[in-house]
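The chain contents come next:
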Amino acid sequence: MTRAAGCGGAGFWQQRADVVVIGTGVAGLVAALAAHRGGRKVVVLSKAAQTATSYAQGGIAVVLPAGLAEDGDSVDAHVADTVAAGGGLCDADAVRSIVSDGHRAVRELVEYGARFDEAGGRWALTREGGHSGRRIIHAGGDATGAEVQRALDDASRRLDIRRNHVAVQVLHDGTAVTGVLVLNDDGPGILHAPSVVLATGGLGHLYEATTNPDGSTGDGIALALEAGVAVSDIEFIQFHPTMLYDGHRGGRRPLITEALRGEGAKLVDAQGRSVTDGVHPMGDLAPRDVVAAAVDARLRTTGDACVYLDARHLPDFATRFPTVTAACLQAGIDPVRTPIPVRPGAHYSCGGVVTDTAGRTDLAGLFAAGEVARTGMHGANRLASNSLLEGLVVGGRAGHAAAEHAAAAGPTRAQPTGPLVRPAVARADLQRAMTRNASVIRDADGLQTLTGLLDTATRRTLRGRADVEDAALTVTAQAVAVAALQRTESRGCHQRTDHPRTDPAQAVSTAVAADGPLSVKVRAGACC
Ligand SMILES: Cc1cc2nc3c(=O)[nH]c(=O)nc-3n(C[C@H](O)[C@H](O)[C@H](O)COP(=O)(O)OP(=O)(O)OC[C@H]3O[C@@H](n4cnc5c(N)ncnc54)[C@H](O)[C@@H]3O)c2cc1C
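First, a word on what this report is: a plain description of the structure on this page. (Residues numbered from 1 in each chain as written. Predicted model: local features only at pLDDT ≥ 70, side-chain atom pairs only at ≥ 80, totals over all residues. Heavy atoms only, no water.)

Some words on the overall build of the chain
Looking only at helices and strands, the chain has 15 helices and 30 strands in total. For 528 residues, the compact-globule estimate of 2.2 N^0.38 gives 24 Å, and the chain sits close to it at 22 Å. If one aligns the C-alpha atoms of the chain with their principal axes, the spans along those axes are about 65 × 55 × 45 Å. Among the 528 residues that make up the chain, the fraction classed as buried is 61%. Summarising the internal contacts of the chain: among those between residues at least 6 apart in sequence, 72% fall at separations of at least 24. For the chain, the distance from the average position of its 52 positive side-chain charges to the average position of its 56 negative side-chain charges is 3 Å. (Helix = DSSP H or I, 4+ residues; strand = E, 2+ residues; numbered from the N terminus. Rg over C-alpha atoms; globule rule 2.2 N^0.38 Å. Buried < 20%, exposed > 50% of the residue type's maximum accessible area, 1.4 Å probe, protein only. Contact = heavy atoms within 4.5 Å. Lys, Arg positive; Asp, Glu negative; His and termini not counted. Charge placed at Lys NZ, Arg CZ, Asp CG, Glu CD.)

Quick word on the nonpolar core
With 58 residues, the main nonpolar core has Val 20, Ile 22, Leu 198, Leu 206, Ile 234, Val 353 and Met 434 as its most contacted residues. Counting residues per element, this core draws most heavily on helix H15 (residues 465–486), which supplies nine residues. Ignoring sequence-local partners within four residues, the contact set of Ile 234 consists of Leu 203, Ile 221, Ser 349, Gly 351, Gly 352, Ala 479, Val 480, Ala 483 and Val 512. Counting 52 residues, the second-largest nonpolar core is a separate cluster that includes Ala 32, Leu 109, Leu 152 and Ala 406. (Core = buried A, V, L, I, M, F, W, Y, C linked by side-chain atoms within 4.5 Å.)

Some details on the pairing of strand S11 (residues 166–172)
On any regular strand, side chains alternate: one points to one face of the sheet, the next to the other face. For S11, a buried count of six out of seven residues is recorded, marking the element as mostly surrounded by other parts of the structure. The sheet contact formed by S11 and strand S12 (residues 177–184) spans six bridges and is antiparallel. Bridge pairing in S12 links Val 166 to Leu 183. A loop of four residues connects S11 with S12, the two strands running antiparallel in sequence, and Gly 174 in this loop sits at a positive phi of about 100°. (Pairing = 2+ DSSP bridges.)

A word on the site of the ligand
Lining the immediate environment of the ligand, one finds 37 residues, of which Thr 53, Gly 59, Asp 219, Glu 371 and Ser 387 sit closest. Ala 27 is positioned such that a nitrogen or oxygen atom in its backbone is 3.0 Å from an oxygen atom of the ligand. For the ligand, an oxygen atom lies 2.8 Å from a polar atom in the backbone of Gly 58. In isolation the ligand offers 1,000 Å² of accessible surface; the protein chains occlude 98% of this area. Elements with a contribution of two residues or more to the shell around the ligand: helix H1 (26–37), helix H2 (52–55), S11, strand S21 (340–349) and helix H12 (386–409). When grouped by side-chain class, the residues that make up the shell around the ligand number 14 nonpolar, 19 polar and four charged. (Near = heavy atom within 4 Å. Polar contact = N/O pair within 3.5 Å; in protein donor to acceptor, adjacent residues only side chain to side chain. Areas by Shrake-Rupley, 256 points an atom, 1.4 Å probe, with all protein chains shown as cover. Nonpolar A, V, L, I, M, F, W, Y, C, P; charged D, E, K, R; others polar.)

So, the packing of helix H14 (residues 444–454) against H15
It is at 10 Å that the axes of H14 and H15 come closest, and there the two elements cross at 150°. Here H14 is positioned roughly antiparallel relative to H15, judged by the angle of their axes. As H14 runs across H15, the sense of the crossing is left-handed. Of the residues in H15, those touching H14 at Ala 444, Leu 447, Gln 448, Leu 450, Thr 451 and Leu 454 are Thr 474, Ala 477, Gln 478, Ala 481, Ala 484 and Leu 485. Residue composition of the contact of H14 with H15, grouped by class: eight nonpolar, four polar and no charged. (Axes fitted to C-alpha atoms, helices over the stretch in contact; angles between N-to-C directions. Parallel < 35°, antiparallel > 145°, perpendicular 65-115°, else oblique. Left-handed = near helix turned anticlockwise from the far one by under 90°.)

Describing the sheet that holds strand S3 (residues 19–22)
The pairing of strands in a sheet happens through backbone hydrogen bonds and is either parallel or antiparallel. Within the open sheet, the five strands sit side by side as S10-S4-S3-S14-S23. Their pairing is parallel. At either margin of the open sheet sits one strand with a lone partner, and together these are strand S10 (160–162) and strand S23 (366–368). If you compare each strand with its neighbour and ignore which way they point, the axes differ by 20° on average. By the bridge criterion, three bridges tie strand S14 (residues 195–198) to S23 in an arrangement that is parallel.

Remarks on the pairing of S21
Among the ten residues that make up S21, nine are buried, leaving the element largely enclosed by the rest of the structure. Where strand S17 (residues 237–244) and S21 come together, six bridges link them in antiparallel fashion. Bridge assignment links Phe 239 to a residue of S21, and that residue is Ala 346. Bridge analysis of strand S20 (residues 307–310) against S21 gives three bridges, and the strand direction is antiparallel. If you follow Leu 309 over to S21, its bridge partner there is Ile 340.

Take it as geometry only, folks, not as evidence of what the structure does.
What follows is the structure in structure tokens.
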């Protein structure tokens, strides 16, 4: 490690890599393993102990080869379900590319050591909302993510993984990536590298309550926007219909997996009336946007704080759903005897950094994969269990492409671009405003109120992780607000009470790009 003057005169450490991967969830570790296999020097950064990957419950949607598939499943059927859920905004070619590579990617994960639940000598398959048949593989009952993370952590032991390293800025020379600016316990430093993979996950902490771990603060969105790369479909934030409601409204809240409804659990209100009857032909197994909107509407009508998921009749509950059982018991609820209190919670970012299906962005050397990316897979609403699939497939491809780019580009010399100062709003104020004005339902007045708050952002020197996250949340909230205001219709996860209909003329993705440090704007022209 060397030190040099910079960043306003302070010393900063410097190192070199071929590929820097930011994130240690499914997308980051699969990308890092692929780049490592490509013979490149890979450095992996992680700021937080927990990943969303480790919390995933339901499973991975994957079409098994003929003979192993159930319900006559096929790539065509999975593509059709994904596109139907996506509300007209999926890129069907991207969906097909990712879905058809799913079984190979899962086999690779098995080679890394992952083990999935079996029944009768085959992988046990379950069903989730929006899927026309059983195609979800799972592990440890409802602990799929923990098993995926365990296997990838084990496989990555020989990689150079730096914990407590926060990526602050993607450095570039105007045409290509040159490195990353990082904060760690030694202060700011530069990793010189021709390839950078953003695998920073989601943005659930834009809201007061979320299923996401505390590191899901939109950092990758902020890094991309600051580097001049567009983000798209960012107004489509998926609210999971069944986040556990235990009286606590804030922070990370436990998820009650959709697989419960796949196995026959029913959503009812306090009077025992179905929440989804007459709402959608698939009832409780309708796509998430439909079920979350139905729950939200019922709560507004009744004034109750929660609805209930009645799973009392499911056999072997504690064995099949140990994670849900533990979360419920911790909250003093026995799911075998009592319906589980639930309400919608911020869960997944359907949009993100615009990439192709190999994770390439418009900036040479910058790649993105996993929840931070927008490949065109999810459109206006993600189908359950499609995100681990996308992270596996696109993560691997991005790592491979990043290694190839690094080999072709050769070593780089990155220059810091000035003081580490960004606009930021106090986190609690931002989360309150997002929760009130940009949740399951929105309208123009609320979104204007939100942008009014964001306009009061003050310049903050980035001294540590909390500052970086507050700044990332602020610019990400701006991107959401701008895109949500632009979309004067209701579609997928974006429901506007002042524009309740879907407008066929708006069946196009909205891209937003940075317009100076304090604002983002809609980028003219086709998105992707
Ligand atoms: C409770 C829950 C249940 C879910 N269940 C399922 C499911 O059953 N099936 C499914 O397909 N999907 C599920 N999802 C969604 C899925 O788990 C995530 O979308 C996916 O795991 C995201 O993976 P990722 O690799 O993109 O990001 P993550 O796994 O979130 O990893 C992000 C990484 O980036 C790092 N990072 C972020 N910012 C920085 C920075 N500035 N500097 C350094 N490091 C940074 C973090 O420390 C972390 O290591 C679930 C999500 C949750 C929260």
